[in-house]
Amino acid sequence: MTADATPRSDFIRDKIEKDNASGKFGGRVATRFPPEPNGYLHIGHAKSICLNFGIARDFGGVCHLRMDDTNPTTEDVEYVDAIVRDVKWLGFDWGEHQYFASDYYPYLYDGAVRLIEKGLAYVCDLTLDEVRKTRGTIKEAGTPSPYRSRSVAESLDLLARMKKGEFAEGSHTLRAKIDMASPNLKMRDPLMYRIKHAHHYRTGDTWHIYPIYDWAHCLSDAKERITHSICTLEFENNRELYDWYLNAVDAPWKPGQTEFARLNLSYTVMSKRKLLELVESKLVSGWDDPRMPTLAGFRRRGFTPASIRSFCDKIGVARADNTVDVALLEYAIREDLNTTAPRVMAVLKPVKVVIDNYPADQSEEFEAPYLPDDPTKLGARKVPFCRELYIERDDFMEVPAKKFHRLAPGAEVRLRWAYLITCRSVVKDAAGEITEIHCSYDPATRGGNTPDGRKVKGTIHWVSARHAFNAEVRLYDRLFKDEKPGDAPEGTPLAALLNPRALEVVKDAKLEPSLVAAAAGQNIQFERLGYFFVDPVDSKPGKPVFNRTVPLKDAWARIVKAEGAAAPAG
RNA sequence: UGGGGCGUCGCCAAGUCUGGUAAGGCACCGGAUUUUGGUUCCGGCAUUCCCAGGUUCGAAUCCUGGCGCCCCAGCCA
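Every value quoted in this text rests on a predicted model; they were computed, and no experiment measured them.

Participant: Is there a simple way to think about the packing of aromatic side chains in this case?
Facilitator: The geometry of an aromatic ring pair comes down to the distance between the two centres and the angle between the two planes. Taken as a whole, this structure holds 23 aromatic pairs when the rule is applied. Their ring planes at 55° and their centres at 5.3 Å tell us that Phe526 and Phe546 sit as a pair that is tilted. Taken together, the residues span a long stretch of sequence, with Phe526 in strand E23 (residues 523-526) and Phe546 in strand E25 (residues 545-551) at a distance of 20 residues. You can call Phe546 buried: its relative accessible area is 0%. Members of the aromatic cluster, joined through ring pairs, are Tyr358, Phe366, Phe385, Tyr419, Tyr441 and Trp462. Across the ring face of Tyr109, the terminal group of Lys163 is positioned such that the distance to the ring centre comes to 4.4 Å. The ring of Tyr107 is capped by Lys223, whose NZ or CZ atom sits 4.6 Å from the centre of that ring.

Participant: Teacher, can you tell me more about the protein's contact with RNA strand B here?
Facilitator: Around RNA strand B sit 70 residues, and of these Lys139, Ala181, Asp373, Arg416 and Gly447 come closest. Put simply, 63% of the atoms of RNA strand B that lie within 4 Å of the protein are in sugar or phosphate. A distance of 3.3 Å is found between a phosphate oxygen of RNA strand B and a backbone nitrogen or oxygen belonging to Val317. For RNA strand B, a base oxygen lies 2.8 Å from a polar atom in the side chain of Asn449. Listing elements by their share of the surface near RNA strand B, those giving two or more residues are helix H5 (128-134), strand E6 (191-195), helix H12 (326-338) and helix H15 (555-563).

Participant: What exactly am I supposed to notice about the pairing of strand E2 (residues 62-67) here?
Facilitator: Consecutive residues of a regular strand have side chains that alternate between opposite faces of the sheet. The buried fraction of E2 amounts to 5 of the 6 residues, a majority that puts the element mostly inside the structure. Assessed by its sense of winding, the connection that carries the chain from strand E1 (residues 30-33) through helix H2 (residues 43-58) to E2 is right-handed. Looking at chain direction, E2 and strand E3 (residues 98-100) are connected through 3 bridges and run parallel. From the neighbouring strand, Arg66 faces E3, where its bridge partner is Tyr99. For the handedness criterion, the β-α-β arrangement of E2, helix H3 (residues 77-90) and E3 is classed as right-handed.

Participant: Sorry, what's going on with the layout of surface pockets here?
Facilitator: Using a probe with the size of a water molecule, rolled over the atoms, empty space left in the structure can be pinpointed. Quantified by volume, the largest pocket comes out at close to 1600 Å³. The wall of the largest pocket is formed by 46 residues, among which Leu529, Arg548, Pro551, Leu552 and Asp554 lie closest to the centre. Elements with a minimum of two residues in the lining of the largest pocket: helix H10 (295-301), H12, strand E21 (469-476), E25 and H15. In terms of residues, the lining of the largest pocket owes the most to one element, H15, which gives 6 residues. The space that makes up the second largest pocket amounts to roughly 790 Å³. Forming the boundary of the second largest pocket are 28 residues, of which Pro34, Glu36, His45, Phe235 and Lys272 lie nearest the centre. Of all the elements in the fold, those that place two or more residues in the lining of the second largest pocket are E1, H2, helix H7 (213-223) and strand E8 (228-232). Residue composition of the lining of the second largest pocket, grouped by class: 12 nonpolar, 9 polar and 7 charged.

Participant: How do you make sense of the pattern of salt bridges when you look at a structure like this?
Facilitator: Throughout the structure, instances matching the rule amount to 45 salt bridges. The partner of Glu504 in a salt bridge is Lys349, with the nearest N and O atoms 3.6 Å apart. Placement of the pair is Glu504 in strand E22 (residues 503-511) and Lys349 in the loop between strand E11 (346-347) and strand E12 (350-355), with a sequence separation of 155 residues. What makes Glu504 partly exposed here is its relative accessible area of 37%. The class for Lys349 is partly exposed, based on a relative accessible area of 39%. Salt bridges sharing partners connect three or more residues here, namely Asp288, Arg300, Glu472, Arg474, Lys507, Asp535 and Asp538.

Participant: How do you make sense of the side chain of Thr445 when you look at a structure like this?
Facilitator: Residue placement: Thr445 occurs in the loop between strand E18 (434-441) and strand E19 (459-460). If near-sequence neighbours (up to four positions away) are discounted, Thr445 is found in contact with Ala418, Tyr419, Leu420, Pro451 and Arg454.

Participant: Is there a simple way to think about the packing of helix H1 (residues 11-22) against H2 in this case?
Facilitator: Relative placement of two packed helices is described by the angle separating their axes and the distance separating the axes. Running from N to C, H1 and H2 point in directions that differ by 35°, and their axes come no closer than 11 Å. Where H1 crosses over H2, the two elements pack in a sense that is right-handed. Seen from H1, the contacting residues are Ile12, Arg13 and Ile16; seen from H2, they are Leu51, Gly54, Ile55 and Asp58. Here the contact of H1 with H2 is composed, by residue class, of 4 nonpolar, 1 polar and 2 charged.

Analysis parameters
- Residues numbered from 1 in each chain as written.
- Chains lettered and ligands numbered in written order.
- Predicted model: local features only at pLDDT ≥ 70, side-chain atom pairs only at ≥ 80, totals over all residues.
- Heavy atoms only, no water.
- Phe/Tyr/Trp six-rings, centres within 6.5 Å; stacked < 30°, edge-to-face > 60°.
- Helix = DSSP H or I, 4+ residues; strand = E, 2+ residues; numbered from the N terminus.
- Buried < 20%, exposed > 50% of the residue type's maximum accessible area, 1.4 Å probe, protein only.
- Lys NZ or Arg CZ within 6 Å of the ring centre and 35° of its normal.
- Near = heavy atom within 4 Å.
- Polar contact = N/O pair within 3.5 Å; in protein donor to acceptor, adjacent residues only side chain to side chain.
- Right-handed = clockwise from strand over helix to strand, strands pointing away.
- Pairing = 2+ DSSP bridges.
- 1 Å grid on protein atoms, 1.4 Å probe; cavity = no way out; pocket = protein on both sides within 12 Å on 5 of 7 lines; lining within 4 Å.
- Points joined across faces, edges and corners; volume = space filled by probe spheres on them.
- Nonpolar A, V, L, I, M, F, W, Y, C, P; charged D, E, K, R; others polar.
- Salt bridge = Lys/Arg side-chain N within 4 Å of Asp/Glu carboxyl O.
- Contact = heavy atoms within 4.5 Å.
- Axes fitted to C-alpha atoms, helices over the stretch in contact; angles between N-to-C directions.
- Left-handed = near helix turned anticlockwise from the far one by under 90°.

This is the structure in structure tokens:
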């Protein structure tokens, strides 16, 4: 177990403390994170991972990583590899405790035989449709299967032959004999095994029957001597079955199930089905598309493991349905990167500035700290300067709006780390578009200092035109238009819900030269713009590609919005 | 014949068992500092806890009755 040993509490930890106090599990604490390898892990899983591994850490227990692989038709090694990679990346370690439900198939089969022998399970020949019809409804009891009273010997024989593959899919199932009139539908003779003549990614073709979740899960927990089996709210009705199976097989170790509310995040979806659909329909570039709420997506977007752990701490654990504001996640990553990410300069939407009183053949360098708030921490780099520069188009307004204190005709601003400049005139093309902003600089303000003590309201970033290099920068935004895309009517195509501006590619941003050496996988801040990440997939040595992790908070944007103030000129 | 859960500030969430007079975070709104309109700092932000009755000196907490939302009828997990 690793990471952030901040003590915290929630209803599950409280329960564990009580269990420990009463000696319920002999003081043992063993949890497990049990993903099914049929998709990539998302931020909702991170909540569960932090909970399960965090509890093990806090109570000096263990947390197992178990692949809950009971359905051969949807599972794949690609997914188990991705899961292992992602949990490790998040910062957790399960030691030797990596398990597979598929390794328990023989043990599960033995348990099934025992239930039949005890008269607690039977092989049923009803078709899928017949099972559905006889299950009854929410308000009406179901009716017993005609095969319910089949002899033990016959069920035993049939199960053995099902296992050998003698029957067609759907022709037989193994069912627990519980109560067809139970108000809890999960207890109406639930299925334990179904026939599937499918190749399993781990057990190959050795099995023709595969266990249903409820049967496999509780026995897997028991086998691993889990104490607290933590899952999400939708399994609440399954808890009665969980306990029933454990009693039915006389399990020597009986874990207890506890449910908590799964995480929903605004402006995205968490359903594995929908995420798979996004990937398969190519609406995104893959599971690791930086717009995806998958851990792989967040990683490639530039989120750090610490920021996601911090986020999971902040959201808490409770039993009420919830949708957490993405703003909290954005806060968590800014909080982390603020003290660690080197500051550099890049101009995304450039407009040229010409310093008329600066000699054309001259140039000089300024020393600029990577972390101005803590200058010794990351050192500094040299930033070249010359007569022609690029600045952000948004940092100039020919007719400045109220409270706009950036560059405008006659106005003076500071070029970060360089000089104070004053705008003297602009040059426009035939279409009226500004092509050059002519300025003068004050040689006495070298380094951006004002020896005479005069105040300048604005400091803007810039890049030397002669020394800049071009790079691709990808500006990411929220994937969906609506705060709760999951609330869209059933059947709404995902494509119709996507935010068309979730990705804007800037092909030729102007970057300061130090960035040519930016290493893949590095987090940086483009000053005044946001935090960016050197894309580990598409970057080449000397040719980095940048992904915007999250923009900086923008007080000016809020003023513009509040005052209905001018759209940026230029 | 229905069962299981949940409702505390715009979003999360303590507090509910063991009544004592609404933590904290995000967001938002000020104001100070600032060579990032960033950061940091300081201040504001629920007379009220889904609603209505009741018990009590006192109720978010206890009782009664409503209302709203979520989950369960996959041979998915």
